[in-house]
Amino acid sequence: MRLEYTGPQKRFRLEVREWLAAHVPKATLPSFDTEVGFAEHRAWEASLAQGRFSAVTWPEAFGGRGCGLIEWLIFEEEYWRSSAPLRVNQNGIFLLAPTLMEFGTEAQKQRFLPKMATGEEIWAQGWSEPGAGSDMAAIRCTAQRDGDHYVINGQKTWSTRAVWADWLFGLFRSEPGSQRHHGLTFVLLPLKLPGITIRPIKQLNGLAGFAEIFFDNVRVPVENRLGDEGAGWNIAMATAGFERGLMLRSPGRFQQTAKLLVKLYQQNRERADADPAIRDAVMRSWMGAEAYTLATYRTACRLNKGAKIGAEASTNKIFWSELDLLMHETAMQILGPQGELMARSPEPADPGNGYSWLDGFLFSQAGPIYAGTNEIQRNIIAERMLGLPRA
Amino acid sequence: MDFTFAEQQIAFRDAVRKFLIIEAAPEMLREIWETKSGRSRELRCKLADQGLTAISVPETYGGIGLGDLDWILLQVELGYYAIPDSLSDTAYLASWLLEHLPADLALKREWLPRIAAGTARIAVGHPVNLLVADAELADLILLWHDDEIHGVTASDVKLTPQVSIDASRRLYAIEWSPSARTRLCSAKQGAGLWQQVLNRGALALAAQLLGLAQRMVDLGVDYAAQRKQFGKPVGAFQAVKHQLADVAVKIEFTKPVLFRAAYAVDRDLDDAAIQVSHAKLAAGDAARLAARNALQAHGAMGYTWEADLQMFMKRAWALDAAWGDRGFHKQRVADAIFADGAELGPGSTFN
Ligand SMILES: Cc1cc2nc3c(=O)[nH]c(=O)nc-3n(C[C@H](O)[C@H](O)[C@H](O)COP(=O)(O)OP(=O)(O)OC[C@H]3O[C@@H](n4cnc5c(N)ncnc54)[C@H](O)[C@@H]3O)c2cc1C
């Protein structure tokens, strides 16, 4: 065990820090769940790519730096520390890309990764359907083979950022009459094709953060299939694994929130200390963020030594989503009657990134739901990690 | 950056685990704990054969000369198998303290080889603890007096036993008079040593609490997989599953905190105290939740003397408040994070 950075890692941190200090937009961008904000966040992705910082772990050929996981964590820490904008192409870069690298053909990698790195193509995910939420194997959307095309019909829903995104990856039933996780195929498709209708859905904050997508005989070339026909379930599980495991929520995010929460508490001691539970919650927040960071480093080091992430990845999802709730509920308590106000609170009470404590509080309510609800994660932990009998 | 243990450290842990499964089976521990002393000379000899008493003792005194990081995985096992305080207090805490006493070579020559051989028990009385564990059987008792370090034997002092709900514990109130004869170290040098002993005492218990939490989850899982109601194992019911899964989450996120704390103590880093307190708090949380939820999974059986769960549960409750209770450790964390100019946030973890 050696918990120190190497010289090159320390220099990398400084390089990232300096670059971000020079390039992070001074004015906060409008939310990427608005048309203008989406465009501005896309432009930010392009400028990140110019600095070769949009996907540091990717091979250089695709626009990355070939960095290891520790460098990735360093980059993320600096990123959150700098209050840079949220990543509008997160679904592409952190979830689809690792899957593409594992299951994609060379041609697919060449075709998709560079444009993902520059933000030219922003990705949305299409798993959920009206009848397939937690029970994803209940997918009914079909992809019927017709020569060298799939013809897609049906409906996806809750697709994050699909209102303005360019591409969608998701699972479709390619074998008529197949059941559950059999006969599903992983397809990549442009959202601007004829036959696609996108209906924005307003989230708690009133913005169209996700959308329903209707497919009416949408023709997609067979080369847009990822992996084999009918093998989509396992590939999707790999994506879900990356998501839960490491890449979806890097620790820097929670450490930054914890740090700002400590600050918020210290600036409002008079009100906050009227309820002694608040101080305790602030401390638990800091300890939680620290624990999450340590756990992520430990996982990264274990992966570097060839270990695989198993069902214990499900503990991650529960831990960070509950931590996020704790931190934001605590912030709202400290803000007291100011908490409900939509106007941004005066600096430095707000976390930055154009994000207010209220925005964060609302979004923290979604954490235990998306990426597999926490109840589903508990089922996985109980059955696959602890070995309890299936229901 | 390498946040993993060396193969040797894992191998040592595995060997100790294999040994304890057999030698510290619950029915054997129950038998030992029912005796007056609560300790078994035979088990101590076997533990010594495994090298467990010699870990900290320098090679020049007949030991193995390993450090806190080598100890930490073993301490988790000591928790998992509910090995009473005397072993860790002697072989980890007292051994460290004696080795680090300024100069007194005769004392080191007298005690360190005996610790390594498993033929001495040493108790440590730190003011953070109300009572002194295993004082009566101890060949030597190391005591705090205004930051000085004193060494006495059981015959020099008046011991009044205090019975704990944890049948493995042997706790004593101690009345004694410090004198020049008993003094081993001045307050000036003792203050720092006591501080380090406190950190090691709390670190050891954090590890043991983590082991206890894991043991209680395992007992809960075993029971819930066997006990049938409504025609199926109760462990198939989600309400039971989710309670045990919640403990698994706490355990998973205590491990790295504990291991980092051990690293900080081993390397004598500036922030060792706060890392230890964080680890103790996290492990205590995990163990208390494990106790509650494993008991619930057992139904009425969990409320009995007969089910083994009680042995581990009571130990967890007791150790949670030993070597600094929650208030004590929270205060140390608070002092660090609420200090002016405290370095918090992304990038601060390993600096
Ligand atoms: C902010 C946000 C962004 C999202 N983005 C996307 C996206 O980009 N793409 C996409 O495809 N989807 C997305 N989703 C959808 C998300 O994946 C689903 O909401 C999630 O899988 C749960 O499905 P559901 O909403 O239908 O809830 P349901 O499955 O209907 O669940 C309702 C409740 O029942 C519980 N429950 C269900 N089954 C079980 C069970 N077996 N055991 C115990 N409890 C159970 C659930 O835990 C939950 O509490 C997003 C959701 C949110 C909130």
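Owing to the predicted nature of the structure, the values given are computational and were not obtained by experimental measurement.

A. Representation of the overall build of chain B. Looking only at helices and strands, chain B features 11 helices and 9 strands. Reported as C-alpha extents along the three principal axes, the dimensions of chain B are approximately 70 × 55 × 40 Å. Taking all 351 residues of chain B together, the buried fraction comes to 60%. Counted over contacts in chain B with a minimum sequence separation of 6, partners at least 24 positions apart contribute 72%. Counting only carbon and sulfur atoms, one obtains 52% of the accessible surface of chain B, whose full area is about 14100 Å². Chain B carries 37 positive and 43 negative side-chain charges, and their two centres are separated by 5 Å.

B. Structural detail: the pattern of salt bridges. On inspection of all chains with the given rule, the structure shows 45 salt bridges over all chains. Here R199 of chain A and E212 of chain A are joined by a salt bridge, their closest N and O atoms 2.4 Å apart. Placement of the pair is R199 of chain A in strand β6 (residues 196–201) and E212 of chain A in strand β7 (residues 210–221), with a sequence separation of 13 residues. The partner of D246 of chain B in a salt bridge is R378 of chain A, with the nearest N and O atoms 2.6 Å apart. One end of the pair, D246 of chain B, is in helix α8 (residues 238–266); the other, R378 of chain A, is in helix α12 (residues 374–385), on a second chain.

C. Region of the structure containing the sheet that holds strand β6 (residues 171–175) of chain B. All names here are of chain B. Here 3 strands make up an open sheet; going across it, the order is β2-β6-β5 and the pairing antiparallel. Sheet topology places β2 (132–133) and β5 (158–162) at the edges, where each strand pairs with a single neighbour. Pairing between β2 and β6: 2 bridges, direction antiparallel. Paired with V132 across the strands is Y172, a residue of β6.

D. Examining the confidence of the model for chain B more closely. Looking at chain B, the pLDDT average stands at 97 and 100% of residues meet or exceed 70. As scored by the predictor, the complex reaches a pTM of 0.97 and an ipTM of 0.96.

E. Spotlight on the site of the ligand. Lining the immediate surroundings of the ligand are 18 residues, of which S134, W158, T160, T373 and E375 of chain A lie closest. The ligand is flanked by residues contributed from chains A and B. The contact in question runs from a nitrogen atom of the ligand to an N or O atom on the backbone of Q125 of chain A, over 3.0 Å. Contact distances for the ligand include 2.7 Å between an oxygen atom and a side-chain N or O atom of E375 of chain A. Computed on the free molecule, the ligand has an accessible area of 970 Å², of which 66% lies beneath the protein chains in the complex.

F. Seen up close, helix α9 (residues 276–304) of chain A. All names here are of chain A. Over its 29 residues, α9 runs 43 Å from end to end, which matches the ideal 42 Å to within 8%, given 1.5 Å per residue. Burial within α9 is extensive, with 21 of its 29 residues counted as buried. The distance from a side-chain oxygen at the start of α9 to the backbone nitrogen of A277 is 2.9 Å, and the residue carrying that oxygen is D275. Looking one or two places after α9, you find G306, whose phi comes out positive at around 95 degrees.

G. How the structure looks around helix α11 (residues 357–364) of chain A. Regarding α11 of chain A, the residues found buried are W357, L358, D359, G360 and S364 of chain A. For α11 of chain A, the elements touching its buried residues are α7 (251–267) and α10 (313–335) of chain A.

H. Broad picture of the side chain of Q75 of chain B. Following the sequence through the fold, Q75 of chain B ends up in helix α4 (residues 68–80). The contact partners of Q75 of chain B, leaving out residues within four places of it in the chain, are S88, Y92, A204, A207 and Q208 of chain B.

I. Examining the domain arrangement of chain A more closely. All names here are of chain A. On domain assignment, one finds that chain A holds domain 1 (7–88), domain 2 (124–232) and domain 3 (249–385). The gap between the C-alpha centroids of domain 1 and domain 2 is 29 Å. Taken together, the contact pairs 9 residues of domain 1 with 8 residues of domain 2. Between domain 1 and domain 2, roughly 740 Å² of surface is buried when both sides are summed, and carbon and sulfur atoms account for 58% of that area. Our count for the contact surface shared by domain 1 and domain 2 stands at 1 salt bridge. Note that D166 is salt-bridged to R42, the shortest N-O span being 2.9 Å. At the junction of domain 1 and domain 2, the tally comes to 2 residue pairs in polar contact (both at pLDDT 80 or more). When the residues that make up the side of domain 1 that touches domain 2 are grouped by side-chain class, the tally is 3 nonpolar, 2 polar and 4 charged.

What counts and what doesn't
- Residues numbered from 1 in each chain as written.
- Chains lettered and ligands numbered in written order.
- Predicted model: local features only at pLDDT ≥ 70, side-chain atom pairs only at ≥ 80, totals over all residues.
- Heavy atoms only, no water.
- Helix = DSSP H or I, 4+ residues; strand = E, 2+ residues; numbered from the N terminus.
- Buried < 20%, exposed > 50% of the residue type's maximum accessible area, 1.4 Å probe, protein only.
- Contact = heavy atoms within 4.5 Å.
- Areas by Shrake-Rupley, 256 points an atom, 1.4 Å probe, with all protein chains shown as cover.
- Lys, Arg positive; Asp, Glu negative; His and termini not counted.
- Charge placed at Lys NZ, Arg CZ, Asp CG, Glu CD.
- Salt bridge = Lys/Arg side-chain N within 4 Å of Asp/Glu carboxyl O.
- Pairing = 2+ DSSP bridges.
- pLDDT = per-residue confidence, 0-100.
- Near = heavy atom within 4 Å.
- Polar contact = N/O pair within 3.5 Å; in protein donor to acceptor, adjacent residues only side chain to side chain.
- Expected span 1.5 Å × (residues − 1).
- Domains from an automatic or database assignment.
- Buried area = accessible area lost by both parts, 1.4 Å probe.
- Nonpolar A, V, L, I, M, F, W, Y, C, P; charged D, E, K, R; others polar.

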